[in-house]
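Fold and geometry: a report
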Amino acid sequence: MQSFIEGLPKVELHLHIEGTLEPELMFKLAERNRVQLSYKTIEEVRKAYQFNNLQTFLDIYYQGAQVLQNEQDFYDLAWAYFSKAHSQNVRHAEIFFDPQTHTARGIPFETVISGLRKAQEDAEQKTGLSSRLIMCFLRHLSPEEALDTLEEAKPFRKWITGVGLDSSEQGRPPALFQKVYEQAEAAGFLPVAHAGEEGPAEYVWEALQLLKSRRIDHGVRSTDDPELIQYLIREQIPLTVCPLSNIKLRVFQTMKEHNLRRMLQMGVCVTINSDDPAYFGGYMNENFLAAQRDLELTKDELVKLSANAIKASFIDENARQVLTAELNEYYRKNV
Ligand code: ADE
Ligand code: ZN
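None of the values given here were measured: they were computed from a predicted structure.

Together, Glu 144, Glu 145, Asp 148 and Glu 152 line one region of the surface with negative charge. A relative accessible area of 35% places Glu 145 in the partly exposed class.

Shown next, in the form of structure tokens:
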């Protein structure tokens, strides 16, 4: 099973680039930019990564992002992710970035996106790994600040495929961000949103109905509402599920209790993703492996998860066909 998962062609749809900051790179950038960290050693950093819920994680995650200051830093961050993803047979990745985490510290939007963009170009040219960027609005900040961020993004529209909504979910319903999503859609950005991670199934309905979200990031609490689950199945709305993240943030107490396989068997278009791999203990392979082991996923189910991700991605039809053909070939040879 391990080698089957490692060789499986994969597509990642839920990955925060700031969440790929490994402690080694954090220390290197802290030194390069003369940023004082509150940790003395890499071991100390890893020990601090014990979370009780989403907020305890976010507090540490935003702190880590402070070491990112120059275009080269964003390039190095993204390049490290692309190298890792390529080594795990990820063929295409749709990557979230949080501009407000940086612009709030005085880092220009252009610095962030230029570094990411150059790494995307190099990754595609040198490894064949294609990628897209999805800009997230931080939902703990105001809708007005999200509108300002959208304006800053417009000159870079051609480099940004979609908009997303992340950060603290509880008490921050999608409805707050309806206006900025309307404007984003009018400008050509494809809408997605985090919903139903810690927040209720009602937030998934809002993301679909008010934000016109094309996919739901996480969405695991959708099973609380049978009508919603039937809707997701009927409309084939993809859920970008992140197994290790859900355990680390105690959305489920153990992997055996995770509802991923149950949703897959019901016919929901679920996918496996890594969310913030530097913080949650693993990239795509580790997420697939942990879910396979504890939920006893079959090879057919693993291939279905990859096929769902291809179907749910924002790549063009030609690339979708190439990826599908590769996956079918892998299935024929290995199942
Ligand atoms: N930002 C980074 N990871 C996140 C997650 N799992 N939920 C919400 N916001 C996030
Ligand atoms: Zn996320």
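Here the narrative resumes, following the displayed structure.
Turning our attention to the environment of Met 263. Within the element layout of this structure, Met 263 appears in helix α13 (residues 260-266). Here the alpha-carbon distance between Met 263 and Ile 233, two residues 30 residues apart in the chain, equals 9.2 Å. Among residues more than four places away in sequence, those in contact with Met 263 are Val 220, Thr 223, Ile 229, Leu 239, Val 241, Val 268 and Val 270.

It is worth spelling out the site of ligand 1 at this point. Around ligand 1, a shell composed of His 16, Leu 54, Phe 57, Leu 58, Tyr 61, Asp 166, Ser 167, His 194, Glu 197, His 218, Asp 275 and Asp 276 is seen. His 218 places a polar side-chain atom, nitrogen or oxygen, 3.4 Å from a nitrogen atom of ligand 1. One nitrogen or oxygen atom from the side chain of Asp 275 is found 2.7 Å from a nitrogen atom belonging to ligand 1. For ligand 1, the protein covers 100% of the area, taking 260 Å² as the surface of the free molecule. With 4 residues, helix α4 (residues 54-64) is the largest single contributor of residues to the shell around ligand 1. The residue inventory of the shell around ligand 1, partitioned by class, reads 4 nonpolar, 4 polar and 4 charged.

Before going further, it helps to spend a moment on the sheet that holds strand β1 (residues 10-16). Overall, parallel pairing links the 5 strands, which are arranged β1-β2-β3-β4-β5 in an open sheet. Looking at strand neighbours, the two that pair on one side only are β1 and β5 (190-191), the edges of this open sheet. Where strand β3 (residues 130-138) and strand β4 (residues 162-166) come together, 5 bridges link them in parallel fashion. Bridging across to β4, Ile 134 finds its partner in Gly 162. Here helix α15 (residues 284-295) sits on the sheet and contacts β1 and β2 (90-97); the angle it forms with β1, its principal contact strand, is near 105 degrees.

So, about the coordination of the zinc ion (ligand 2). Within the protein, the atoms that donate to the zinc ion (ligand 2) are His 14 (NE2), His 16 (NE2), His 194 (NE2) and Asp 275 (OD), at distances of 2.0 to 2.3 Å. Mapped onto the sequence, the residues coordinating the zinc ion (ligand 2) show the spacing H-x1-H-x177-H-x80-D. Of this pair, His 16 sits in strand β1 while His 194 sits in strand β6 (residues 193-195), placing them 178 residues apart in sequence.

Take the pairing of β3 next. The buried count for β3 comes to 8 of 9 residues, which makes it a mostly enclosed element. Relative to β3, β2 runs parallel, the two being bridged by 6 bridges. Counted as the bridge partner of Phe 97 is Met 135 from β3. Remark: the β3/helix α8 (residues 143-153)/β4 crossover connection has right-handed handedness.

Burial analysis of β4 places 5 of its 5 residues in the buried class, the great majority of the element. By the alternation rule, side chains of β4 split into Gly 162, Gly 164 and Asp 166 and Val 163 and Leu 165, which are all buried. The pairing of β4 with β5 spans 2 bridges and is parallel. Residue pairing in the sheet places Gly 162 in a bridge with Leu 190 of β5.

Turning our eyes to something else, we now look at the pattern of salt bridges. Scanning the model with the defined rule gives 18 salt bridges in all. Its salt-bridge partner being Arg 261, residue Glu 301 comes within 2.9 Å of it at the nearest N-O pair. Of the two residues, Glu 301 is situated in helix α16 (residues 299-312) and Arg 261 in helix α13; the sequence distance between them amounts to 40 residues. Since its relative accessible area comes to 12%, Glu 301 is described here as buried. In this structure Arg 261 comes out as partly exposed when scored by relative accessible area, which is 21%. With a closest N to O distance of 3.2 Å, Asp 294 and Arg 293 form a salt bridge. Assessed through its relative accessible area of 57%, Arg 293 is described here as exposed. Each of Glu 22, Glu 24 and Arg 46 takes part in one network of salt bridges that share partners.

Calculation notes
Residues numbered from 1 in each chain as written. Chains lettered and ligands numbered in written order. Predicted model: local features only at pLDDT ≥ 70, side-chain atom pairs only at ≥ 80, totals over all residues. Heavy atoms only, no water. Patch = residues over 30% accessible without salt bridge, like charges linked within 9 Å, V, L, I, M, F, W, Y side chains within 5 Å. Areas by Shrake-Rupley, 256 points an atom, 1.4 Å probe, with all protein chains shown as cover. Salt bridge = Lys/Arg side-chain N within 4 Å of Asp/Glu carboxyl O. Lys, Arg positive; Asp, Glu negative; His and termini not counted. Charge placed at Lys NZ, Arg CZ, Asp CG, Glu CD. Buried < 20%, exposed > 50% of the residue type's maximum accessible area, 1.4 Å probe, protein only. Helix = DSSP H or I, 4+ residues; strand = E, 2+ residues; numbered from the N terminus. Contact = heavy atoms within 4.5 Å. Near = heavy atom within 4 Å. Polar contact = N/O pair within 3.5 Å; in protein donor to acceptor, adjacent residues only side chain to side chain. Nonpolar A, V, L, I, M, F, W, Y, C, P; charged D, E, K, R; others polar. Pairing = 2+ DSSP bridges. Axes fitted to C-alpha atoms, helices over the stretch in contact; angles between N-to-C directions. Donors = N, O, S within 2.8 Å, 3.2 Å for Na, K, Ca; no water. Right-handed = clockwise from strand over helix to strand, strands pointing away.

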